[in-house]
Amino acid sequence: MKFDTVILGAGAAGLMCAAHAGGRTLLIDHARKPGEKIRISGGGRCNFTNLYTEPENFLSTNPHFAKSALARYSQWDFIALVERHKIAWHEKSLGQLFCDGKSTQIVAMLVDEAHRAGADIWLQTTIREAAHCGAGFALTVEREGVTQRIEANNLVLATGGKSIPKMGATGLAYDIAQQFGLSLTETRPALVPFTFPEGRFAALSGVSLPVRVVSARTSFEEALLFTHRGLSGPAILQISSYWREGEAISVDLASGLDLFARLRAQRQRAGRRTLKTVLGQAMPTRLVDHLSADLNLDARLADQSDKALQSLCDALSNWRLTPSGTEGYRTAEVTLGGIDTDGLSSATMEAKTCPGLFAIGEAVDVTGWLGGYNFQWAWASGHAAGQAI
Ligand code: FDA
């Protein structure tokens, strides 16, 4: 069987690419349904883009690589597509756009767009082998127990990253990219919770508060969530993409609170109260209890000098922690790193040294922040390759 284009992976990027590719297109996926990560994303409502998408919201060895594709298919283009399909949406916070209904509406929209462009979708199909064949590519696949050979002028790698292997994530795109001479950058789990020694925060599990979290490279102001295993929540997921083993992070537990002024005012008004009582009015009480012994919070406010109050505020705004690790690919939302952008055209996503081979989406060394940026990269890179085909 011969196709103009075969796209490996019917996820976010692959479906978008199929919707824009001309000619005879085949999408191949080993899953039972297309776009499974879209379906489970955003708590079932899919945070499909971000109003404030900028190249600065992406990590890559080459920070300029994503600019061209993001500029040519922006958040506004995707919003227009969503509106054409009459999918209702809302902004939750920080520019994050979600469906009012279910994320399966986005999957259905993309499948519809791919079908309208004339693409076929083969699901539950195993990719056994990929090879050069003349100026194009030959694939050996297994479908419904039958081994088939497929030929294509263009081959698009869109099988995503390694995160959540339980959902069928594999390193196939990396393997085929390497086979055709592309190199990889180091891959690691990103947007992932931190782990700490057993029981360290068990008593705080479920406590959430707004924080500013700072690493050696950057900082984020969002919510932090204590879990049985360690720390999670948007602020932690964001910083995890920048964190490296052994590094400490600093958490400002009093983010947005003018704690020093508050403590001084309370010392004036209610000096007999303990620090614990007063702090418990501004911060989660379970957290204050947890910190109490270390910071001597049973002491009375009236007994605290300005200097002592200031050093308490400093300790709360620079709570230093060294995670033992992360939860890994088991729960990571994305994979950092991947197919080296050095080998790809930023305008078309085509391999510079292997004409007809394209790589898009999460498989490429472009990783977005939390908040709809990863889907926007999938749409933009899928569109760039589709337009070029
Ligand atoms: P994607 O993973 O979407 O698709 C890859 C496809 O390839 C899959 O269909 C898979 O079955 C197939 N495949 C893999 N290996 C194969 C093989 N060997 N053979 C055949 N097929 C194979 N992002 C965001 O912007 N907003 C959000 O709300 C969320 N939420 C979210 C929640 C959770 C729990 C996760 C895990 C991730 C997110 N993300 C997110 C990230 C987002 O889902 C991700 O970045 C994109 O889906 C990447 O799109 P791709 O098309 O590159 O890969």
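Keep in mind that what you see is a predicted model, and the values were worked out from it rather than measured.

By nearness alone, 30 residues border the ligand, and Ala13, Asp29, Thr170, Glu362 and Phe375 come closest of all. Contacts to the ligand include Ala12, whose backbone N or O atom sits 3.1 Å from an oxygen atom. Taking Asn374, its main chain carries an N or O atom lying 3.4 Å from an oxygen atom of the ligand. Secondary-structure elements contributing two or more residues to the shell around the ligand are helix H1 (12-20), helix H2 (36-40) and helix H12 (373-388). Considering each element in turn, the shell around the ligand owes the most residues, four residues, to H12. Across the shell around the ligand, the residue classes break down as 13 nonpolar, 13 polar and four charged.

Overall, the coordinates contain 15 aromatic pairs when judged by the stated rule. Ring geometry for Phe220 against Trp369: centres 4.8 Å apart, planes inclined by 80°, an arrangement best described as edge-to-face. Residue Phe220 is located in strand S14 (residues 219-226), and its partner Trp369 is located in the loop between strand S21 (367-368) and H12; the two are separated by 149 residues in the primary sequence. Residue classification places Phe220 among the buried positions, given a relative accessible area of 6%. For Trp369, a relative accessible area of 23% puts it in the partly exposed group. Where Phe226 meets Trp319, the ring centres are 6.2 Å apart and the plane angle is 55°; that geometry is what we call tilted. With a gap of 93 residues between them, Phe226 in strand S14 and Trp319 in strand S17 (residues 319-321) connect regions that are remote in the sequence. For the pair Phe226 and Trp319, a shared accessibility class is recorded, and that class is buried.

This part is about the sheet that holds strand S3 (residues 47-50). Strand order in the open sheet formed by three strands is S3-S6-S5, and the pairing between neighbours is antiparallel. In this open sheet, the two edge strands, each paired with only one partner strand, are S3 and strand S5 (89-91). Strand-to-strand, the axes of this sheet are offset by a mean angle of 30°, without reference to chain direction. Here three bridges tie S5 to strand S6 (residues 96-99), and the two strands are oriented antiparallel to one another. Its bridge partner being in S6, Glu91 is matched across the sheet by Leu97.

Our focus in this paragraph is the nonpolar core. Grouped together as the largest cluster of nonpolar side chains are 77 residues, with contacts concentrated most on Phe78, Ile106 and Trp379. Of the residues forming this core, the biggest block, eight residues, is contributed by H12. Counting 46 residues, the second largest nonpolar core, distinct from the first, contains Ala190, Leu224, Leu237 and Leu263.

In terms of residue burial, H1 counts as a mostly covered element, since eight of its nine residues are buried. For H1, the full list of buried residues reads Ala12, Ala13, Gly14, Leu15, Met16, Cys17, Ala18 and Ala19.

In this section: the pattern of salt bridges. Any two side chains of opposite charge can pair, on the condition that their charged atoms come close. By the definition in use, this model includes 14 salt bridges. As a salt-bridge pair, Asp298 and Lys276 come within 3.4 Å of each other at their nearest N and O atoms. Within this pair, whereas Asp298 is found in the loop between helix H10 (285-295) and helix H11 (306-317), its partner Lys276 is found in helix H9 (residues 275-279), the two being separated by 22 residues in sequence. Residue class for Lys276 comes out partly exposed when judged on its relative accessible area of 25%. When salt bridges with common partners are traced through the structure, they connect Glu186, Arg188 and Glu245 into a single cluster.

This brings us to the UniProt feature "domain: RsdA/BaiN/AoA(So)-like Rossmann fold-like" (unreviewed entry) in the protein. Feature annotation in UniProt assigns "domain: RsdA/BaiN/AoA(So)-like Rossmann fold-like" (unreviewed entry) to the following positions: residues 4-387. Spanning residues 4-387, this segment combines 29% helix with 24% strand, and its end C-alpha atoms are found 14 Å apart.

By secondary structure assignment, the location of Pro55 is in the loop between S3 and strand S4 (58-59). Sequence separation between Pro55 and Gly368 is 313 residues, and the spatial gap between their C-alpha atoms is 9.0 Å. Discounting chain neighbours no more than four positions away, the residues touching Pro55 are Lys67 and Leu70.

Attention now goes to H10. Turning to H10, its buried residues number three or more, namely Leu287, Val288, Leu291 and Ser292. One side of H10 holds all its buried residues, which, seen down the axis, span an arc of 155°. Against the buried residues of H10 lie strand S13 (208-214), S14, H9, H11 and S17. Just downstream of H10 lies Asn296, where phi reads positive at about 55°.

Under the local residue numbering, the UniProt record ascribes the feature "domain: RsdA/BaiN/AoA(So)-like insert" (unreviewed entry) to residues 188-334. With 32% helix and 22% strand, residues 188-334 has its two end C-alpha atoms placed 9 Å apart.

We now examine the confidence of the model for the protein. Overall, the prediction assigns the protein a mean pLDDT of 97, with 100% of residues at 70 or greater. Across the interfaces of the predicted complex, the ipTM metric reaches 0.99, alongside a pTM of 0.97.

Backbone geometry places Lys86, a non-glycine residue, at a positive phi of 55°. In this structure, Lys86 sits in the loop between helix H4 (75-84) and S5. The phi dihedral of Ile164 falls on the positive side, at around 60°, and the residue is not glycine.

What counts, and where the lines are drawn
- Residues numbered from 1 in each chain as written.
- Predicted model: local features only at pLDDT ≥ 70, side-chain atom pairs only at ≥ 80, totals over all residues.
- Heavy atoms only, no water.
- Near = heavy atom within 4 Å.
- Polar contact = N/O pair within 3.5 Å; in protein donor to acceptor, adjacent residues only side chain to side chain.
- Helix = DSSP H or I, 4+ residues; strand = E, 2+ residues; numbered from the N terminus.
- Nonpolar A, V, L, I, M, F, W, Y, C, P; charged D, E, K, R; others polar.
- Phe/Tyr/Trp six-rings, centres within 6.5 Å; stacked < 30°, edge-to-face > 60°.
- Buried < 20%, exposed > 50% of the residue type's maximum accessible area, 1.4 Å probe, protein only.
- Pairing = 2+ DSSP bridges.
- Axes fitted to C-alpha atoms, helices over the stretch in contact; angles between N-to-C directions.
- Core = buried A, V, L, I, M, F, W, Y, C linked by side-chain atoms within 4.5 Å.
- Salt bridge = Lys/Arg side-chain N within 4 Å of Asp/Glu carboxyl O.
- UniProt positions renumbered as here; feature names shortened; annotations may be inferred.
- Contact = heavy atoms within 4.5 Å.
- Arc of directions from axis to C-beta.
- pLDDT = per-residue confidence, 0-100.

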